[in-house]
Amino acid sequence: MNSEDVIVYLTALVAIGVIIVGLLATIFHSVVLAPIVVIGIILAFFVLRAKGNFSHKIESMEKLCFIITFIAIICSFILLYKPM
């Protein structure tokens, strides 16, 4: 097995773990944690699409993931500190 395929496989497992843990935390604790699930789904989608030439594709996807994560953090703070 190619070392790049192993990295893609392990990263996909991490993304699936983030989705599962985020869903459990959202169900049992608070809706404020819901952006974690969205980020995990987006990460899993990107990782599963990046089969060949993973190192070059991940650099361009890194910027998009940073922007999505930044927006999710902003939304989380808005939901957390909104006036009642």
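Residues numbered from 1 in each chain as written. Predicted model: local features only at pLDDT ≥ 70, side-chain atom pairs only at ≥ 80, totals over all residues. Heavy atoms only, no water.

A. Representation of the overall build of the chain within the structure. A tally of regular secondary structure across the chain gives three helices and zero strands. Reading the chain from its N end, one meets helices and strands in the order α-α-α. Contacts spanning at least 24 positions in sequence make up 57% of the contacts within the chain whose residues lie at least 6 apart. (Helix = DSSP H or I, 4+ residues; strand = E, 2+ residues; numbered from the N terminus. Contact = heavy atoms within 4.5 Å.)

B. Quick peek at a nonpolar patch on the surface. Taken together, Val6, Tyr9, Leu10, Leu13, Ile16, Ile20, Leu23, Leu24, Ile27 and Phe28 make up a surface patch of nonpolar side chains, about 1,000 Å² in accessible area. In this fold, Leu10 is placed in helix H1 (residues 3-28). The class for Leu10 is partly exposed, based on a relative accessible area of 47%. (Patch = residues over 30% accessible without salt bridge, like charges linked within 9 Å, V, L, I, M, F, W, Y side chains within 5 Å. Areas by Shrake-Rupley, 256 points an atom, 1.4 Å probe, with all protein chains shown as cover. Salt bridge = Lys/Arg side-chain N within 4 Å of Asp/Glu carboxyl O. Buried < 20%, exposed > 50% of the residue type's maximum accessible area, 1.4 Å probe, protein only.)

C. Representation of the confidence of the model for the chain in the model. Per-residue confidence for the chain averages 75 on the pLDDT scale, and 80% of its residues sit at or above 70. By mean pLDDT, the top-scoring element of the chain is helix H3 (residues 54-80) (79), and the lowest-scoring one is helix H2 (residues 34-49) (74). (pLDDT = per-residue confidence, 0-100.)

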